[in-house]
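Structural overview
Chain by chain, the residues run as shown.
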Amino acid sequence: MVAALTEKRLLIGGEWVETGEWIEVRSPFSGDVVGRVAKGGAEETCQAVDAAEKAMREPLPAHKRAEILVRVAGALGRRHDEVARQISDEAGKPMKAARVEAQRAMSTYTFAAVEARKLAGEMVPMDAAQAGEGKLAFTLRRPVGVIGAISPFNFPLNLVAHKLAPALAAGCAVVLKPASQTPLSALLLAELEEEAGLPPGWVNVVVGPAAEIGDALVEDERVKLITFTGSGPVGWKLKERAPKKRVNLELGNATPVIVTADADIPVAAAKVAQNAFSFAGQSCISVQRVYVERGAYDEFVAALLPLVEALKVGDPADEDTDVGPVIDEGARDRILDWIAATSGQVLTGGSLEGDLIRPTVIAGAAPQDKVSCEEVFGPVCTVTAVDSLAEAISLANGTRFGLQAGIFTTNLDSALRAAQQLEFGGVTVNEAPTFRTDQMPYGGVKDSGNTREGPRYAVREMTEERLVVVDLP
Ligand code: NAP
C-alpha cells in the first residue's frame, strides 16, 4: 500500500518553522518516502529553550493543564485511524500494534490529567521534634524547570506521550527531540497539544542531528532535566556529561521469561509467541530468553513452534500482519549475523521472507552468545532447558540488563521467589513481561535505567519539593 506523504515543520515557541533543509522519512517496509520534516540543529534547539523558558514565566494553573491533557486524549481517540496509520507508515509497525500504541497514548494523557489535578505537597509533622513546636510546615511541588526530552523510534507516539504529558501535568515546558527515523508521530502529537489550547512555548519539537541537538540540551544550563528513552550507551553518556541535571534514563533489556514444569504450558507458549515477535521484537520488553524447566521443555517447544510459524509476516499496513520489518537494513543485517553466530540450534525462522526476518526460535544458545546476553531488538527468542528454578533465576539475572522479567508457574512459592530474586524493575507472573499499562511504574535497574515512567512517577521526577515553614504566634 502506498503511504500518504506528510510534510511537517519544527515547532518552536508556537511557530511552525522551516529551516531550508529537510529530512526524509522513509517506510522501513517499502523504502518509499512517507514524509519530510524540517531539519534543525543547535540554533533551533537554543531558540526552543528560549521559548520554553519564556513560557514557564507565566505558569498555567493545574486545572487548565488538566483540561488540555484531557482534550489531547479526546483528539487521539477521534483521530485514531490517522494516528495509527502515521505510526505504521514511519516505523513499519503492523497496524494491529500501531492501533494499540495509539490507544495507549490516550491512556497516558488521561492519567497525566489526573496527576495534574492531584499535584500537591505534604504536611510535615513539625511538633514531632521539640524544636518544631509552634511551627507549621508543608511542602509545595514545584516544576523542576525546562525539560529536554529525547525519544526512540520504536514507540514514536506513546513514548513521546510519556514525556510530554507528565511534563505538562508537572507544569514544565519541554524541548523534544524525537528519533530521526520516526519524527512524524511526535509532530502530530505536538499539533494535537496546540489544537487543545496549549499556549506557545510549552512544547517545542526539534528534529535533526542527534549529537548536535543532544549537546545543545546538555550544555544549556536552563535545561534542568533530561528524560531519555533509547539505547544504553547513548543514555549513560548523556548522564555522565550532565552532572548538574537530573538525567532520567529508560533503556534496553534482554527480556527473560521462566516457565516452571507445573506452569500452564499452552498459555505460556501462546504468550511467548505473541510477545517475542510483535513489532518484529523491537520493544525494550520483547520476550527474548525463555528458560523452561526440563520436565516441561519438550511440551513447551512443541506448543510454541506452530504458533510462531502461524504468525503472518508481511506489509505492516495490512490489518492482519503480525510481523513486519525491522527499522532498517543495518538492524536486519546485525540480527541475521547474531543468529548465524549462535551456538544454539535454529528451530524455526533464521532466514528472510522477502526482505523480512522470519520469526526465529533458537534452542540451547550459550549464555555468552549475543542472542543471549545482548538486546536483540529483532524477531528472535531463545529457549533453554534448565534443571531448577534457581538455575533459571540465575540465568535470567546473568546479563547487565534489568527492565522487566516474567515467570509462568502455578506454584505460589515459585512466583514469590522469582518476584524477590529477579533483579528487574518489574516482574510479571503468568503474564509476559512485555505487559505494560501506562499508569504502571515502569523502568529498569542495572544498565536498563534509573527512573520510573508512568505519569504519576514521571511527575514526581519532574517536580521538586519546596519546604515552607511558618512560625505560629
Ligand atoms: P537510540 O539510538 O539510543 O536513539 C534514541 C534517541 O536518542 C533518538 O532520538 C536518537 O536520535 C537519540 N540520540 C542518538 N545519539 C544521541 C546523542 N549522542 N545525543 C543525544 N541524543 C542521541 O535508540 P533507538 O535505536 O531509537 O531505540 C532503541 C533502544 O531504545 C533500545 O535499546 C530499546 O530497548 C530502548 N527503549 C527503551 C525503552 C524503555 O522504556 N526502557 C522503551 C523503548 C525503547 P536519532 O534518531 O536522531 O539518532
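Residues numbered from 1 in each chain as written. Predicted model: local features only at pLDDT ≥ 70, side-chain atom pairs only at ≥ 80, totals over all residues. Heavy atoms only, no water.

Side note on the site of the ligand
- Among the 27 residues in the neighbourhood of the ligand, the closest are listed as Ser 151, Ser 180, Ser 231, Leu 251 and Glu 375.
- Taking Ser 231, its side chain carries an N or O atom lying 2.5 Å from an oxygen atom of the ligand.
- Within the backbone of Leu 251, one N or O atom sits 2.8 Å away from a nitrogen atom of the ligand.
- In isolation the ligand offers 910 Å² of accessible surface; the protein chains occlude 83% of this area.
- For the shell around the ligand, the secondary structure elements donating two or more residues are α7 (210-219) and β11 (223-229).
- Element by element, the count of residues in the shell around the ligand is highest for α7, at 3 residues. (Near = heavy atom within 4 Å. Polar contact = N/O pair within 3.5 Å; in protein donor to acceptor, adjacent residues only side chain to side chain. Areas by Shrake-Rupley, 256 points an atom, 1.4 Å probe, with all protein chains shown as cover. Helix = DSSP H or I, 4+ residues; strand = E, 2+ residues; numbered from the N terminus.)

Some thoughts on the pairing of strand β5 (residues 33-38)
- Relative to β5, strand β1 (residues 6-8) is paired through 3 bridges, and the arrangement is parallel. Across the sheet, the residue bridging to Glu 7 is Arg 36, located in β5.
- One ladder, built from 5 bridges, connects strand β4 (residues 22-26) with β5; its direction is antiparallel. Across the sheet, the residue bridging to Arg 26 is Val 33, located in β5.
- Following β4, the chain reverses through 6 residues before pairing antiparallel with β5; Gly 31 in that reversal takes a positive phi of roughly 80 degrees. (Pairing = 2+ DSSP bridges.)

Side note on the environment of Phe 153
- Along the polypeptide, Phe 153 turns up in the loop between β8 (146-150) and α5 (158-170).
- Among the residues examined, Phe 153 registers a relative accessible area of 14% and is labelled buried.
- Taking the C-alpha atoms as reference points, Phe 153 and Ala 98, separated by 55 residues in sequence, lie 13 Å from one another.
- Once residues lying within four places of it in the same chain are set aside, the contact partners of Phe 153 are Ala 91, Ala 179, Gln 181, Thr 182, Phe 279, Gln 282, Ile 327 and Phe 377. (Buried < 20%, exposed > 50% of the residue type's maximum accessible area, 1.4 Å probe, protein only. Contact = heavy atoms within 4.5 Å.)

Considerations on the nonpolar core
- With 79 residues, the main nonpolar core has Leu 69, Leu 76, Tyr 109 and Leu 189 as its most contacted residues.
- Contact partners of Tyr 109, with chain neighbours within four places excluded, come to Leu 69, Val 72, Ala 73, Leu 76, Ala 161, Leu 164, Ala 165, Leu 189 and Glu 193.
- In terms of nonpolar packing, the next biggest core, distinct from the first, is built from 50 residues, Val 290, Leu 305, Ile 327 and Leu 336 among them. (Core = buried A, V, L, I, M, F, W, Y, C linked by side-chain atoms within 4.5 Å.)

Re the packing of helix α4 (residues 95-118) against α5
- At their nearest, the axes of α4 and α5 sit 9 Å apart, and the two run at 15 degrees to each other. Between α4 and α5, the crossing angle belongs to the class labelled roughly parallel. For α4 against α5, the interelement crossing comes out right-handed. In this structure, α4 contributes Glu 101, Arg 104, Ala 105, Thr 108, Tyr 109, Ala 112 and Ala 116 to the contact, and α5 contributes Asn 158, Ala 161, His 162, Leu 164, Ala 165, Pro 166 and Ala 169.
- When grouped by side-chain class, the residues that make up the contact of α4 with α5 number 9 nonpolar, 3 polar and 2 charged. (Axes fitted to C-alpha atoms, helices over the stretch in contact; angles between N-to-C directions. Parallel < 35°, antiparallel > 145°, perpendicular 65-115°, else oblique. Left-handed = near helix turned anticlockwise from the far one by under 90°. Nonpolar A, V, L, I, M, F, W, Y, C, P; charged D, E, K, R; others polar.)

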